[in-house]
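Read off the chains here:
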Amino acid sequence: MRSLISESFRAIQNEICSGLEAADGGAKFTSDTWERPGGGGGDSRVIQNGNLLEKGGVNFSEVFGELPPIVAKEFAVTSTSFFATGVSLVLHPYSPKVPIVHMNIRYFEVPGDGLAWFGGGIDLTPIYLDREDAKNFHTVLKTTCDKHHADYYQRFKKWADDYFFIKHRGETRGIGGIFFDRLSDGKDLPLNEQFSFVRDVGKAFLPAYLPIAEKHRNESFSEQEKQWQLIRRGRYVEFNLVYDRGTHFGLHTSGRIESILMSLPQFASWQYNHQPTPGSPEWDTIEALKTTHHWVD
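Just so it is clear, the structure is predicted and the values come from calculations on it, not from any experiment.

Let's hear about empty space enclosed by the protein: which residues, and what values?
In total, this model carries one cavity of 30 Å³ or more according to the counting rule given. There is about 40 Å³ of room inside the largest cavity. Lining the largest cavity, in full, are D161, T172, G174, I175, G176, T291, T292, H293 and W295. Here the residues of the lining of the largest cavity are counted per class, giving two nonpolar, six polar and one charged.

Shown next as structure tokens:
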């Protein structure tokens, strides 16, 4: 089962990288294979300074070993032996008109406790909100969820809305998407059917994101709009360093720091007490992110 899942995740990494290189039309991914002290390793693929993507990473990892006590306590497990594999990506486009996007699919085992589960999600962080984009993005995710379970989209959308919330800012990170974890806890489909769902989530990334990127990539933008992008990227950094579970897991398990922090943008900004002008597109975006929305409806 481990080998089957890992090989499938590697194939999804390859598929996504090929699709993004074709869409970018300029830069190529560099592959950086690594080994983790304690067991396992991965393949970090990074693209920079492209026609579409200023910086992006699509990481595969397959790691095993002993869980630190703090992680075992958080996961509520008694055994410390673990195995984990997954694909995680974050893209920071050059243009402020093209949204930031994140996707993750993962599998985790604690053999000593007889536990195994899947997790993952996809979410979109626009610099400038486009409601049509939000509807189209969520429609692809809903279609993927509905293929497997009638309740998945609404359940996982709410989970994403709650998870991707910057508490100290009082705003969502973006327009959300879906988020799920520990699906095999007895309340969901059998593990093999969960595997099918998670693979489909990975394969949904390109059709969910690329049409939005293509729609906006050639739109002109001002220096003011570029500065707003840097501020919005700063909010993204805040979430990933303060709240993101994947970042915390990697840091606590002696993960490779360059791969863990791959999600951070090449450039970001923190202007003291920056307040968008009321009625401006920047103000409209922030106001919209102070609450959740039923984008598909």
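Additional details are given in the paragraphs that follow.
Quick one: what's the story with the nonpolar core, residue by residue and with numbers?
If you look at the biggest cluster of nonpolar residues, it comprises 51 residues, and the most contacted ones within it are F9, L20, F197, F205 and Y209. Per-element tally for this core: the top contributor is helix α5 (residues 191-216), with 11 residues. If we skip the residues at most four places from it in the chain, F9 touches F60, T85, G86, V87, I105, R106, Y107, F118, F195 and V198. Counting 13 residues, the second-largest nonpolar core is a separate cluster that includes L67, F75, A84 and F249.

Outline the layout of surface pockets, supporting the account with residue identities and numerical values.
Computed from the structure, the largest pocket encloses a volume of approximately 1,100 Å³. In terms of lining residues, the largest pocket is bounded by 47 residues, among which N104, R106, G246, T247 and F249 are the most central. Looking at the lining of the largest pocket element by element, the count peaks at seven residues for helix α7 (residues 245-252). In terms of residue class, the lining of the largest pocket is built from 19 nonpolar, 19 polar and nine charged. Approximately 350 Å³ is the volume attributed to the second largest pocket. Lining the second largest pocket are 18 residues, with R169, R235, H274, Q275 and P276 positioned closest to its centre.

Tell me about α5, and name the residues and values.
Residues that lie three or four places apart on an α-helix share one face, since the helix turns once every 3.6 residues. When the terminal C-alpha atoms of α5 are compared, their 39 Å separation across 26 residues agrees well with the 38 Å that a helix rising 1.5 Å per residue should span. Along α5, the largest kink reaches about 35 degrees and is centred on A204; proline P207 follows within four residues of it.

Let's hear about the pattern of salt bridges: which residues, and what values?
Evaluated as defined, the whole model comprises 21 salt bridges. Across the pair D43 and R45 runs a salt bridge whose closest N-O atoms are separated by 2.9 Å. Of the charged contacts in the structure, one is a salt bridge between D162 and K158, with a shortest N-O distance of 2.8 Å. With D162 and K158 both in helix α4 (residues 152-163), this residue pair falls four residues apart, about one helical turn. Residue D162 is classed as partly exposed on the basis of its relative accessible area, which comes to 49%. Bridged by salt links that share partners, the residues D130, E132, D133 and K215 form one connected network.

Mind laying out the pairing of strand β6 (residues 115-125), listing which residues take part and the relevant values?
Most of β6 is tucked away: 10 of the 11 residues are buried. Two elements, strand β5 (residues 100-110) and β6, share 11 bridges in a ladder whose sense is antiparallel. Note that in β6 the partner of R106 across the bridge is G119. Counting the residues between successive antiparallel strands, the hairpin from β5 to β6 contains four residues, one of them, G114, with a positive phi of roughly 65 degrees. As paired elements, β6 and strand β9 (residues 176-180) share five bridges and run antiparallel to each other.

Conventions used here
Residues numbered from 1 in each chain as written. Predicted model: local features only at pLDDT ≥ 70, side-chain atom pairs only at ≥ 80, totals over all residues. Heavy atoms only, no water. 1 Å grid on protein atoms, 1.4 Å probe; cavity = no way out; pocket = protein on both sides within 12 Å on 5 of 7 lines; lining within 4 Å. Points joined across faces, edges and corners; volume = space filled by probe spheres on them. Nonpolar A, V, L, I, M, F, W, Y, C, P; charged D, E, K, R; others polar. Core = buried A, V, L, I, M, F, W, Y, C linked by side-chain atoms within 4.5 Å. Buried < 20%, exposed > 50% of the residue type's maximum accessible area, 1.4 Å probe, protein only. Helix = DSSP H or I, 4+ residues; strand = E, 2+ residues; numbered from the N terminus. Contact = heavy atoms within 4.5 Å. Expected span 1.5 Å × (residues − 1). Bend = angle between axes of the 7 residues up to and from the residue. Salt bridge = Lys/Arg side-chain N within 4 Å of Asp/Glu carboxyl O. Pairing = 2+ DSSP bridges.

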